[in-house]
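Residues per chain are reported as follows:
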Amino acid sequence: MRYQRPKGTADILPGESQHWQYVEAVARQVFKKYRFEEIRTPLFENFEVFSRTSGDTSDIVTKEMYDFKDKGDRHISLRPEGTAGVVRAFVENKLYGPEVQKPFKTYYMGQMYRYERPQSGRQREFHQIGVEAFGSDEPALDVEVIAMGRDLFKHFGIDNLRLAINTLGDKESRDSYRQALIDYLEPHYDELSEDSQVRLHKNPLRVLDSKDEKDKKFVADAPSILDYLTPAAQAHFDQVKSLLTALGIDYVVDSTMVRGLDYYNHTIFEFMVDSKALGHGYTTVCAGGRYNGLVEELGGPEVSGVGFGLGMERLILLMEAEGVQFPEEHHLDAYVVGIGDEANATTLQVVQALRSQDYSADRDYLARKPKAQFKTADRLSAAYTLTVGEAELAAKTIHVKNMASGNEVTAPLADVMTHFAEVISNID
RNA sequence: GCGGUAUUGGUGAAGUUUGGUUAACACACCGGAUUGUGGUUCCGGCACGCGUGGGUUCGAGUCCCACAUACCGCCCCA
């Protein structure tokens, strides 16, 4: 084995690729109903696009980014997530302009890159589907995005979802909560896990997310962000909750839920699922939230945004584990058996003629014996098997067999070449 | 970046404990069973090599080292 694919990458082979196409098709169809349209942005951006938006201290920027200097000495990074690039494009193309209807609703799907240790469903090159909606502060938009996410999973055949929501409030709420959290945790500094001791001053909210048992007992009694919301932030969150209820969407409020990226504020949410395929207990399959201020961060006007992203590898793993039926698409209408070298040209002509009549058709290219060709026709589940041999060539006919019924007929070659539908209507 | 487990053909794999002639078995695939008809049956074929590179040994798939990759856990997260 001379060459292997780079660590953390995967070949998506025929068979598997059908699952991907199905997922993408379903997503496009759902997004269309909500009037989200596709955007395609570069797989790489200037490093600063991600370092500015994700936060300089975030793990993504400090250790997971695939960045390099190109031949023009530009500091480039492969995109580790989708939002920053979309926001950059939003600003650069002035999609905040008056001629663009607000909210501007868009989606993307494609490769993302993170330099990290691969595990099942977690690769260095992976794929995300994400949506973003810009230009409205209304809680109704948060709820539309959440509702669309739920709708999406329903169409994927996943409906045993748990929706967890929380709010990070506005900047004022967040600052006062951050201080309160530090004040609470500081006296217990020596009792915290090593990781959390580092987190305490860098990003105290992350302590809430710790899986370390030592930390969990402090987290249980830690102050809640919900007690530090400004009236405006509180009102926003209340509206989100009541609109979710109005739509009959169940949710749980998890006040310890946080985000790895710095740009989120107000509503954040996660769709979680309890499936062995993704590990023990509830794991997140889709995460999103509001990011007011991000557009400004990248040089645009004061335009708010809300969106979500989901990992396609994990989604497909989940769908396969949950027994979702993917449509099978390798239907073969006709297999053409050619007997003898003299039949070669005619066989090729018939196959092409059937294809031009919009039938899927194939033939043997290994010069195999008739018996082997018939076996292949069967294995490929061909609906019809056509046979051309010495006798047919002489008589300008072709033998057509319905593989399901076993009925067969000898038809004029010219009919099959131009009116295959009529020919088979006589033998079904 | 740290720790653990694993790596045998197209596939699933036995064999590694106690290093010793021909790498089991099965599936898939290919060919054949009197000349041009398919899911069954029967027969036959199918690893000069055991992730890669070194080392120990009279001898290594089996022991040692390094590297690569996969999986699990940590970190983080989709």
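Residues numbered from 1 in each chain as written. Chains lettered and ligands numbered in written order. Predicted model: local features only at pLDDT ≥ 70, side-chain atom pairs only at ≥ 80, totals over all residues. Heavy atoms only, no water.

Draft legend 1. Region of interest: the domain arrangement of chain A. Under the domain assignment used here, chain A contains domain 1 (16-170 + 230-321) and domain 2 (332-425). For domain 1 versus domain 2, the separation of C-alpha centres amounts to 51 Å. (Domains from an automatic or database assignment.)

Draft legend 2. Layout of the sheet that holds strand 11 (residues 305-311). Spatial strand order, 1-5-6-11-10-9-7-8: 8 strands in an open sheet with mixed pairing. The strands lining the two open edges of the sheet, one partner per strand, are strand 1 (37-38) and strand 8 (252-253). Here strand 9 (residues 265-274) runs beside strand 10 (residues 282-290); their pairing, made up of 8 bridges, is antiparallel. Among the inter-strand pairings, Val273 is bridged to a residue of strand 10, identified as Thr283. (Pairing = 2+ DSSP bridges. Helix = DSSP H or I, 4+ residues; strand = E, 2+ residues; numbered from the N terminus.)

Draft legend 3. Fine view of the pairing of strand 14 (residues 382-388). Counting buried residues along strand 14, 6 of its 7 residues qualify, which places the element largely inside the surrounding structure. Two strands pair when backbone bridges link them, and strand 12 (residues 332-338) and strand 14 are joined in this way by 6 bridges, in the parallel orientation. Of the residues in strand 14, the one forming a bridge with Ala334 is Tyr384. In this structure, strand 14 lies alongside strand 15 (residues 397-402), joined through 4 bridges in antiparallel fashion. Bridge pairing in strand 15 places Thr387 opposite His399. (Buried < 20%, exposed > 50% of the residue type's maximum accessible area, 1.4 Å probe, protein only.)

Draft legend 4. Quick peek at the pairing of strand 6 (residues 125-134). In terms of burial, strand 6 is largely enclosed, as 10 of its 10 residues are buried. On strand 6, burial covers both faces: Glu125, His127, Ile129, Val131 and Ala133 on one face and Phe126, Gln128, Gly130, Glu132 and Phe134 on the other are all buried. In this sheet, strand 6 lies alongside strand 5 (residues 104-113) in antiparallel orientation, the contact comprising 10 bridges. Following the sheet pairing, Met112 is matched in strand 6 by Phe126.

Draft legend 5. Broad picture of the environment of Arg35. Its place among the elements puts Arg35 in the loop between helix 1 (16-33) and strand 1. For Arg35, a relative accessible area of 48% puts it in the partly exposed group.

Draft legend 6. Structural context of the UniProt feature "binding site: L-histidine" (unreviewed entry) in chain A. According to UniProt, the positions carrying the feature "binding site: L-histidine" (unreviewed entry) are Glu81, Gly82, Thr83, Arg114, Gln128, Glu132, Arg259, Tyr263 and Tyr264. Of note, Tyr263 is situated in the loop between strand 8 and strand 9. Setting aside residues up to four positions removed in sequence, Tyr263 forms contacts with Thr53, Ser54, Glu81, Thr83, Arg290, Tyr291 and Leu294. Following the sequence through the fold, Tyr264 ends up in the loop between strand 8 and strand 9. (UniProt positions renumbered as here; feature names shortened; annotations may be inferred. Contact = heavy atoms within 4.5 Å.)

Draft legend 7. Structural context of helix 13 (residues 370-379). Taken together, the buried positions of helix 13 are Gln373, Thr376 and Ala377. Buried residues of helix 13, viewed axially, fall in a sector of 100 degrees; they line one side. Residues of helix 13 that are exposed and point over 90 degrees away from its buried face: Lys371, Lys375, Asp378 and Arg379. Summarising the contacts, the buried residues of helix 13 are in contact with strand 12 and strand 14. Following helix 13 by one or two positions, Ser381 has its phi on the positive side, about 55 degrees. (Arc of directions from axis to C-beta.)

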